[in-house]
Amino acid sequence: MSGLHYHYQVPGDDVTRAGEASGAVKSTLKKMGIPPQVVRRVAIAMYEGEINLVIHGGGGEIDVDIDGATVRMVLRDQGPGIPDIQKAMEEGWSTASDSARSLGFGAGMGLPNMKKNTDEMTVESTVGEGTTVTMVVRLGG
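Definitions and limits used
Residues numbered from 1 in each chain as written. Predicted model: local features only at pLDDT ≥ 70, side-chain atom pairs only at ≥ 80, totals over all residues. Heavy atoms only, no water. Helix = DSSP H or I, 4+ residues; strand = E, 2+ residues; numbered from the N terminus. Buried < 20%, exposed > 50% of the residue type's maximum accessible area, 1.4 Å probe, protein only. Contact = heavy atoms within 4.5 Å. Pairing = 2+ DSSP bridges. Expected span 1.5 Å × (residues − 1). Axes fitted to C-alpha atoms, helices over the stretch in contact; angles between N-to-C directions. Salt bridge = Lys/Arg side-chain N within 4 Å of Asp/Glu carboxyl O.

## Description of the overall build of the protein
- A count of helices and strands for the protein gives five helices and five strands.
- Listing each helix as α and each strand as β along the protein from the N terminus yields β-α-α-β-β-α-α-α-β-β.
- Taking all 141 residues of the protein together, the buried fraction comes to 45%.
- When contacts within the protein are restricted to residue pairs at least 6 apart in sequence, long-range pairs at least 24 apart make up 63% of them.

As structure tokens, then:
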């Protein structure tokens, strides 16, 4: 199977559009006949990442590569960066704004849910420059 590549722009000013990219990837994986539990893991991880791009990163971009064995998602923003990645990985820890919280976001579960639903995840961040999160889900489960 040859690989598929998708690129998505995630606007930073509209939380209602977060989920468009993960929805498109979910639909593609379903059409490919990928097992539902794998599709679910990819969709959850990518949606959480999209929300983070909007509420923390001021928007960004996502590149998705699907081959016969994996789905690889690379999410990039040019936001404020994460000063303490280890702390940000703790369930319940959040720097979300009051406005994001008023919309039901910012419970501090984004990065932990992303990690839980992927087989591999790395977070690289530089304060003042932005964050790149790379996630891999193996298609075999």
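Continuing now.
## A closer look at the environment of Ala88
- Following the sequence through the fold, Ala88 ends up in helix H3 (residues 85–88).
- Take Ala88: its relative accessible area is 7%, and that puts it in the buried class.
- Here the alpha-carbon distance between Ala88 and Gly110, two residues 22 residues apart in the chain, equals 9.1 Å.

## Things to note about the pairing of strand E5 (residues 130–138)
- Most of E5 is tucked away: seven of the nine residues are buried.
- The sheet contact formed by strand E3 (residues 70–76) and E5 spans seven bridges and is antiparallel. Its bridge partner being in E5, Arg76 is matched across the sheet by Thr132.
- Sheet topology note: the strand E4 (residues 120–126)/E5 ladder contains seven bridges and is antiparallel. Looking across to E5, one finds that Ser125 is bridged to Thr131.
- From the end of E4 to the start of E5, which pair antiparallel, there are three residues, and Gly128 there has a positive phi angle of about 85 degrees.

## Focus on helix H2 (residues 36–55)
- End to end, H2 covers 28 Å across 20 residues, agreeing with the expected 28 Å (1.5 Å per residue, within 8%).
- Of all 20 residues in H2, 15 are buried; the element is thus mostly enclosed.

## Digging into the sheet that holds E4
- One open sheet accounts for five strands, arranged E1-E2-E3-E5-E4; its pairing is antiparallel. Pairing within the sheet leaves two strands with one partner each, and these edge strands are strand E1 (4–11) and E4. When strand polarity is set aside, the average angle formed by the axes of neighbouring strands in this sheet is 10 degrees.
- Against the sheet, H2 makes contact with E1, strand E2 (59–66), E3 and E5, and its axis sits at roughly 160 degrees relative to E2, the strand it touches most.

## Remarks on the pattern of salt bridges
- Inspection of the entire model under this criterion finds six salt bridges.
- Of the charged contacts, one joins Glu20 and Arg17 as a salt bridge, the two residues approaching to 3.3 Å between their closest N and O atoms.
- Residue class for Glu20 comes out partly exposed when judged on its relative accessible area of 45%.
- The exposure class of Arg17 is partly exposed, given its relative accessible area of 37%.
- Note that Arg41 and Asp119 form a salt bridge whose closest N and O atoms lie 3.1 Å from each other. Of the two residues, Arg41 sits in helix H2 while Asp119 sits in the loop between helix H5 (110–116) and E4, which places them 78 residues apart along the sequence.
- Each of Arg41, Asp119, Glu120 and Arg138 takes part in salt bridges that share partners, so that together they form one network.

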